[in-house]
Each structure stands twice: as structure tokens, then as C-alpha cells.
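Here's the letter readout for the chains.
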Amino acid sequence: MKHAYVFPGQGSQFPGMGKNLYEASTKAKDLFEKANEILGFRISDTMFTGTEEDLKQTRVTQPAVFLHAVIAYLGIENARPDMVAGHSLGEFSALVANGVLTFEDALRLVSIRAMAMQKACEIQPSTMAAVLALDDAKVEEICAAVTAETGEVVVPANYNCPGQLVISGTVNAVNVACERMKAAGAKRALVLPVGGAFHSPLMAPAKEELQAAIESTTFNTPACPVYQNVVAKAVTDPAQIRQNLIDQLTGAVRWTQSVQAMVADGASQFTEVGPGKVLQGLVVKIHKEAAVNGVS
């Protein structure tokens, strides 16, 4: 019986997020104020009183989700995870939870990541699409065929749970792939309202920028293993954790495989920490016997 703590990524933000934490404790208030100082603008004001549109700005979204998750985690009494994992951006929260990164260093990296991804999105029009009820192998096969035929990029990006996979690439290649997915029997193949092709080779410019920042940041020995997106297995070596975090920008989020690996290693209780309940739903779809709960 092992307890896994998991942390959500971009998309779980909502107006008013984190306000309950700020008002509930002096420690949380101090952390929000420290974040405002590090970022150079009052992100707490945007989180608490901003609109959905305000929260969709990449420079706001990623730090906001990170802050909500980490400050909620630091408010849990006697939290002792046996293992941690985060979905995409959530991996930075997980690395604070297991002591690899300090709160301050992780926030700086998240901010640099957000800005770099925004710049990469502006270089070439790109997008993502959710594919439902089609075998992973078939999705992979169609993406490879469309890439070969068009000379453009389209790849599997998020393995969220069985029957739910997100693809990522150029606008044209994603549209062509969606049509083929539906023809192959997908229940839906729906283009998502996102700014660009996250977790694809089109994020290479952002990867270079993030790599420089990560390589100049101290990575400590973790208190427990982190199951990282790109390898979907337990990692404890700080140098390997660092490299996997760099590779994550252009690599797929293997969430299905990560949860399966955690279960295989003894996880039976999963606590999602941060805004929303998306990961709780995914975990149960991956492993029906899992006990799930949330802290927000």
C-alpha cells in the first residue's frame, strides 16, 4: 500500500484559484507574495480576480497552476509521499514535493518555460487535438503516415488514459490526421483551443532555452521517486531527472504508462494536489481499483 501524490498541468486553471489558500494561512500568503516578487508582477491578483481570458495568457497560466498546486501541497500536514508524478507542467510541482527543486527555483523555471513555449508557438501556426476511443497503436500509425506524406509534424503528445490520446503538430497535419482518425473509427477527433503544438518537435526552440536554465539550476537528491512523463518509470538520479525534464518539452506525456508503473510498484492511493480533478478521473480510468482524492 503506497501513497502517490500527483500534480495537474495546464488547463486546470480557473478564476479565483488559490484564493482560499491565501486567506487560510500566513504561510500561503507569504509564498504568494514571494511569487509576485520573483515573477515581477502580481500573479496572485490575476489568479484571485482575473477572468478566464486573463488566466489563458501563457505567462500567467503555467505559474498559476504551479503555485496553486505547490502551495496546496505545502499546506498538507505530514504529507509523506511514497512516489510523485505530474502531468506535463505538473512535473515541476512534483519535483518541489519530493525535494528535488526549491519553490523559488521551480517557479523561475516554470516562468522561463512558459515564455519560451509562447515564443515557440509564434514561430509556426500549430495546434493539438484530442482523439477518443481509438487504439494508441492506430493513432501512432496514422500520425507517422501523415508526417511521411505531408513532410509536416504530427505526433502523439499526451497518453492521458486508455482511449484518450492528444496529438500535436502543424495545423494542416493535425487536421489531416483528425480526418483519418475519424475514418479509422475514432469516436471523436477534436482540435483543441490551445496556443501551439506542445510536446512535439515544434517546441525545439523552447527546449534550448529551458535547457540552459535547467542546467544552471541545482537539482537535489529526491526524498522519493518521481515517475517522469517521458520515461514513465521511477527516477531518483538528479542528473537523469534534469535530462528528462528537458526532454519533456518535445517528448510525449506518457501519463497512462506512468500511472501503470506506479501501480505496478505498489501505489494504491492517489492524491491529486492542485486545481481541478482531471487527474483523479484519469487515474481511475487507468486503474479502476485505485483510491483517489484531491487537495486544492
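Our subject is the structure that appears above.
An account of the accompanying structure is given in this report. (Residues numbered from 1 in each chain as written. Predicted model: local features only at pLDDT ≥ 70, side-chain atom pairs only at ≥ 80, totals over all residues. Heavy atoms only, no water.)

**Looking at the layout of surface pockets**
Rolled over the atoms, a probe sized like a water molecule indicates the empty space that remains. For clarity, the cut-off: Only protein atoms enter the calculation, which uses a 1 Å grid: trapped sets of points that fit a 1.4 Å probe without letting it out are cavities, open sets showing protein on both sides within 12 Å along at least five of seven lines are pockets, and any residue with an atom within 4 Å of a point is a lining residue. Grid points are joined across faces, edges and corners, and a volume is the space filled by probe spheres set on the points. Three classes are used: nonpolar for Ala, Val, Leu, Ile, Met, Phe, Trp, Tyr, Cys and Pro, charged for Asp, Glu, Lys and Arg, and polar for all others, with Gly counted as polar.
Estimates place the volume of the largest pocket at around 1,100 Å³. Grouping the amino acids of the lining of the largest pocket by side-chain chemistry returns 18 nonpolar, 15 polar and three charged.

**Considerations on the sheet that holds strand S3 (residues 126-132)**
Basically, it comes down to this: Strand pairing is assigned whenever DSSP detects at least two bridges linking the two strands. By definition, any uninterrupted DSSP run of H or I lasting at least four residues is a helix, any uninterrupted run of E lasting at least two residues is a strand, and each is numbered from the N terminus. The axes are straight lines fitted to the C-alpha atoms, using for helices just the contacting stretch, and the angles between their N-to-C directions are given from 0 to 180°. Any pair of residues with heavy atoms lying within 4.5 Å of one another is described as a contacting pair.
The antiparallel open sheet is built from four strands, whose spatial order is S4-S5-S3-S6. Each of the sheet's edge strands pairs with one partner strand only, and the pair in question is strand S4 (154-161) and strand S6 (188-191). Within this sheet the neighbouring strands show an average axis-to-axis angle of 25 degrees, counted without direction. In terms of strand pairing, S3 meets S6 through four bridges, oriented antiparallel. Within S6, the residue paired with valine 131 across the bridge is alanine 189. Of the strands in this sheet, S3, S4 and strand S5 (164-170) are in contact with helix H8 (residues 136-150), which crosses S4 at around 165 degrees. Helix-sheet contacts for helix H9 (residues 171-183) involve S3, S4, S5 and S6, and the interaxial angle to S5 is about 145 degrees.

**Topic: the packing of aromatic side chains**
Each aromatic ring pair is described using two quantities: the centre-to-centre distance and the angle formed by the ring planes. Put simply, the rule reads: Whether two aromatic rings pair depends on their centres lying within 6.5 Å, for rings of Phe, Tyr and Trp, where Trp uses its six-membered ring; planes under 30 degrees apart make the pair stacked, over 60 edge-to-face, and the rest tilted. Burial here depends on accessible area, computed with a 1.4 Å probe over protein chains only, as a share of the maximum for the residue type. Under 20% is buried, over 50% is exposed, and the range in between is partly exposed.
Per the counting criterion, the structure on display carries six aromatic pairs. Seen in terms of ring centroids, phenylalanine 7 and tyrosine 73 are 5.8 Å apart; in terms of plane orientation they differ by 65 degrees. Their pairing is edge-to-face. Taken as a pair, phenylalanine 7 in strand S1 (residues 2-7) and tyrosine 73 in helix H5 (residues 58-74) lie far apart in primary sequence, 66 residues in all. Each member of the pair, phenylalanine 7 as well as tyrosine 73, is classed as buried. Here tyrosine 22 and phenylalanine 48 contribute two aromatic rings whose centre-to-centre distance is 5.2 Å and whose plane-to-plane angle is 65 degrees, an arrangement assigned as edge-to-face. On the criterion of sequence distance, the pair formed by tyrosine 22 in helix H1 (residues 19-24) and phenylalanine 48 in helix H3 (residues 43-49) is long-range, its members being 26 residues apart. When its relative accessible area of 18% is taken as the criterion, tyrosine 22 is described as buried.

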